[in-house]
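Here is how the chains run, residue by residue.
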Amino acid sequence: MTEYELERKKKLIGDLVGNSRRILSNEIAFPLGIHIMAKIFRWINDIEPLNFNSQEFIDYDNQLDDYPLGSDRLKYKIDILIKYEKEIIELNELYRSKLMRLSKDIIDKYAI
């Protein structure tokens, strides 16, 4: 691993910790927060995978592919958003507890 890759990986791990805190404190919507986590894990895995189970984040994120997140939601009619919200709530029920625990594990393991 090059020095640049090592520094990039350290920064991305810091981003994981910060985003985990935002998820657990509800500073960011759960689906968007997990989407960001999955993206960061993918970037880290391109450098060198962490000794951490990132697959749950990626699996949840893959199931969000058909839904608008963040400010993209503003482009949709309210009736469509309501329909999507119901589906996202069901998805959240399946993953929320596990992903919250994993987010806390990230803070405990990697926070400085």
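Parameters and conventions
- Residues numbered from 1 in each chain as written.
- Predicted model: local features only at pLDDT ≥ 70, side-chain atom pairs only at ≥ 80, totals over all residues.
- Heavy atoms only, no water.
- Helix = DSSP H or I, 4+ residues; strand = E, 2+ residues; numbered from the N terminus.
- Contact = heavy atoms within 4.5 Å.
- Areas by Shrake-Rupley, 256 points an atom, 1.4 Å probe, with all protein chains shown as cover.
- Buried < 20%, exposed > 50% of the residue type's maximum accessible area, 1.4 Å probe, protein only.
- Axes fitted to C-alpha atoms, helices over the stretch in contact; angles between N-to-C directions.
- Parallel < 35°, antiparallel > 145°, perpendicular 65-115°, else oblique.
- Left-handed = near helix turned anticlockwise from the far one by under 90°.
- Nonpolar A, V, L, I, M, F, W, Y, C, P; charged D, E, K, R; others polar.

(A) Quick peek at the overall build of the protein chain. In terms of regular secondary structure, the protein chain is built from four helices and zero strands. What you see in the protein chain, going N to C, is helices and strands ordered as α-α-α-α. For the protein chain, the spread of C-alpha atoms along the principal axes amounts to about 50 × 25 × 20 Å. Residue pairs in contact within the protein chain that sit at least 24 positions apart in sequence constitute 67% of those at least 6 positions apart. A total accessible area of about 7100 Å² is found for the protein chain, and carbon and sulfur atoms account for 51% of it.

(B) Local environment of the side chain of Ser 54. Note that Ser 54 resides in the loop between helix H2 (30-47) and helix H3 (55-63). For Ser 54, a relative accessible area of 9% gives the class buried.

(C) Examining the packing of helix H1 (residues 3-24) against helix H4 (residues 78-110) more closely. At a minimum axis separation of 9 Å, H1 and H4 run at an interaxial angle of 135°. Taken together, H1 and H4 sit at an angle that is classed as oblique. The way H1 lies across H4 gives a crossing that is left-handed. Between H1, through Ile 13, Leu 16, Val 17, Ser 20, Arg 21, Ile 23 and Leu 24, and H4, the contact on the second element is made entirely by Met 100, Ser 103, Lys 104, Ile 106, Ile 107 and Tyr 110. Of the residues contributing to the contact of H1 with H4, the split by class is nine nonpolar, two polar and two charged.

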